[in-house]
Amino acid sequence: MERTRFASYLADLDNALRLMQELVCGVRTVERDPARLPHVLNVAEALEGQQPGLMALPEALHQAYAAITRALGDVRVSREAICVHAADRLRRTHARLAEVTSATETATNRLLDGLDRALEMVDRLDGASAGRTGEADAEVAEVAKGLRAQLTGLYDILQFQDITAQQLGAAGDLLEGVEQRLESVAALLEPDGSLEREDTEPWRSSVNDARASTLDATVRQQLADTVLAEAARAAPPAPGP
Amino acid sequence: MKCLVVDDSATMRRIVINALKSIGIAETSEAANGAEALQACDPSVGLVITDWNMPVMGGLELVRQLRGRPETAATPILMVTTRSVRDDILQAVQAGISSYIVKPFTPQVLKEKIDQVLTGAAPAA
C-alpha cells in the first residue's frame, strides 16, 4: 500500500519536473514566437495540477522516516534478545557440558588411582601366599585372583568416561556452531550497519565423535571384523611382523 | 614386546595399559596424539595401539605416516576407537591398520586382536 503511494508521488514528481522544464523552455521561446503563449499557459496549468500530490510528498517522507526508525528500534531489540538471551544461554550450556566432562574425568582418574592401589594390595596378597601350601593360603590366593578379575573389570567399565566425554564434546561443538550462527545473524542486525562482518564457519572438531556410544559394542565390533575380513580377502594382507 | 599407546584421553591410556598388563604386556609407552606418537615410535616399539579422534594429529594420519616410514612400515597397528561406521573402518583399512577395535572393548577382544596381528593370522569375520 505504502509502496503504491510512494510510486504515485514519484511519478507526480517526475511529471512535474518534466512540465517545469517544458515551461522554462516555453517561456524562452514566447519572446520570439508569441503564438506559443497558449501552449505555455497550458503547461503552467498542468504543473499547477500536480501540486496537491507534491505537497503530500514531504509528509509521506516524514512518515516513512518514522517507520524506518521504528523498524531499526525493533531490530535493535531483536539483536539484543539474540545476543543476551539465546547466545548467552548457549554459551552457559556449553560451559556446563565442559564442566561435567571435566568432573567425570577427575572422578574417573580418582577411581583409577583407587583401582591401582587396590591392585597393589592384591599383588601383596598374592606375594604373601606365594609358595605356601596351606589351606588358608590357597584360599587367599583364590580370593586374590577373584579380586584381580573384579578390579580389572572395573577398569574396563571406566571406558564410559571417554565415550561420554566425546558425546558431550560433540554436543558442545554443536552448541558452539549454533552460537556462531546466532552471532552472525545478530551482526547482520547491527544498527550501525556493520554488515561486512564475516560469517564464520562453525568450528568443527576432529576430537569428538558425535556417534560415540557405549551401546552395542559387540555388534559394532562384528561389523569391524567383517569389513576387515572382506578387505583381507580383496587385497594383500596388511603389513605385519 | 613394547607397546605404544596413543590416545588424547589420559584416562583411556591408563585403561588400555591396564588391559595390556592383564594380558601379559607390561612394557608400554604413551603418547597423547599422532605427532607425539611419531616421536615416540622408536625401533623398540613392537605394537602401536592408537585412538582415531585426537587433536594435533589424529590416528588415521598417524597410521599413514607410520606406513610411509621404512622403519615402521611393518609395525602392527591397532586402531581402538568409538568410530564404527563401515566407511570409517574402510578408511582405516586403506590407511594401513592391522586390526580394528571398537570402544568400549574388553581385554579378551584386545588379546584376540593382538594375537591375530602378531601372528599374522587373517582376521576372522
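So, how was this worked out
Residues numbered from 1 in each chain as written. Chains lettered and ligands numbered in written order. Predicted model: local features only at pLDDT ≥ 70, side-chain atom pairs only at ≥ 80, totals over all residues. Helix = DSSP H or I, 4+ residues; strand = E, 2+ residues; numbered from the N terminus. Contact = placed C-beta atoms within 7 Å. Rg over C-alpha atoms; globule rule 2.2 N^0.38 Å. Buried ≥ 20, exposed ≤ 12 C-beta atoms within 10 Å, placed from the backbone. Pairing = 2+ DSSP bridges. Right-handed = clockwise from strand over helix to strand, strands pointing away. Nonpolar A, V, L, I, M, F, W, Y, C, P; charged D, E, K, R; others polar. Axes fitted to C-alpha atoms, helices over the stretch in contact; angles between N-to-C directions. Expected span 1.5 Å × (residues − 1). Core = buried A, V, L, I, M, F, W, Y, C linked by C-beta atoms within 7 Å.

Along the backbone of chain A there are 5 helices and 0 strands. Secondary structure elements of chain A, listed N to C terminal, follow the sequence α-α-α-α-α. When contacts within chain A are restricted to residue pairs at least 6 apart in sequence, long-range pairs at least 24 apart make up 76% of them.

If you tally the helices and strands in chain B, you get 5 helices and 5 strands. Reading the helices (α) and strands (β) of chain B from amino to carboxyl end gives β-α-β-α-β-α-β-α-β-α. Since a compact globule built from 125 residues should have a radius of gyration of about 14 Å, the 13 Å found for chain B is in line with a globular shape. The C-alpha extent of chain B, read off along each of the three principal axes, is 30 × 30 × 25 Å. When the 125 residues of chain B are sorted by exposure, 54% land in the buried category.

Attention now goes to the pairing of strand β5 (residues 99–102) of chain B. All names here are of chain B. Of the two faces of β5, the one holding Ser99 and Ile101 and the one holding Tyr100 and Val102 are both buried throughout. Pairing between strand β4 (residues 77–81) and β5: 4 bridges, direction parallel. The partner of Leu78 across the bridge, within β5, is Ser99. Of the crossover connections in this fold, the one passing from β4 over helix α4 (residues 86–95) to the parallel β5 is right-handed.

Across the contact, 43 residues belong to chain B and 38 residues belong to chain A. At the level of secondary structure, the elements contributing two or more residues to the side of chain B that touches chain A comprise α1 (10–22), α4, β5 and α5 (107–119) of chain B. In terms of residue count, α1 of chain B provides more of the side of chain B that touches chain A than any other element does, 7 residues in total. Grouping the constituent residues of the side of chain B that touches chain A by class yields 24 nonpolar, 13 polar and 6 charged.

Next up on the list: the sheet that holds strand β2 (residues 28–31) of chain B. Residues and elements named next belong to chain B. Strands sit in the order β2-β1-β3-β4-β5 across an open sheet of 5 strands; the sheet is parallel. Of all strands in the sheet, those with a lone pairing partner are β2 and β5, marking the two edges. Neighbour-to-neighbour, the strand axes of this sheet turn through a mean angle of 20°, independent of strand direction. Sheet analysis places strand β1 (residues 2–6) next to β2, joined by 4 bridges and oriented parallel. Along β2, the bridge assignment pairs Val5 with Glu30. Strands in contact with α5 are β3 (45–50), β4 and β5; relative to β5, the strand with the most contacts, it is inclined by about 175°.

With 5 of 6 residues buried, β3 of chain B is to be regarded as a mostly interior element. Following the chain from β3 of chain B across helix α3 (residues 59–68) of chain B to the adjacent parallel β4 of chain B, one finds a crossover that is right-handed.

Attention now goes to the environment of Asn15 of chain A. Residue and element names in this part refer to chain A. Considering the arrangement of structural elements, one finds Asn15 in helix α1 (residues 2–30). Residue classification places Asn15 among the partly exposed residues on the basis of 16 C-beta atoms within 10 Å. For Asn15 and His94, which are 79 residues apart along the polypeptide, the C-alpha to C-alpha distance reads 61 Å.

A few words now on helix α4 (residues 159–188) of chain A. Because each turn of an α-helix spans 3.6 residues, side chains separated by three or four positions end up pointing in the same direction. Over its 30 residues, α4 of chain A runs 44 Å from end to end, which matches the ideal 44 Å to within 8%, given 1.5 Å per residue. Taken residue by residue, α4 of chain A has Gln159, Gln161, Asp162, Ile163, Ala165, Gln166, Leu168, Gly169, Gly172 and Glu179 of chain A as its buried positions.

Within the secondary structure layout, Ser102 of chain A lies in helix α2 (residues 37–129). When the C-alpha positions of Ser102 of chain A and Ala165 of chain A are compared, they lie 8.5 Å apart, and in sequence the two are 63 residues distant.

Our next topic: the nonpolar core. Residue and element names in this part refer to chain B. Membership of the largest hydrophobic core comes to 43 residues, with the highest contact counts inside it found for Leu4, Val16, Val48, Ile49 and Met79. It is α1 that contributes the most residues to this core, 6 residues altogether. Aside from chain neighbours lying at most four places away, what touches Leu4 is Ser29, Ala31, Ala37, Ala40, Cys41, Val45 and Val48.

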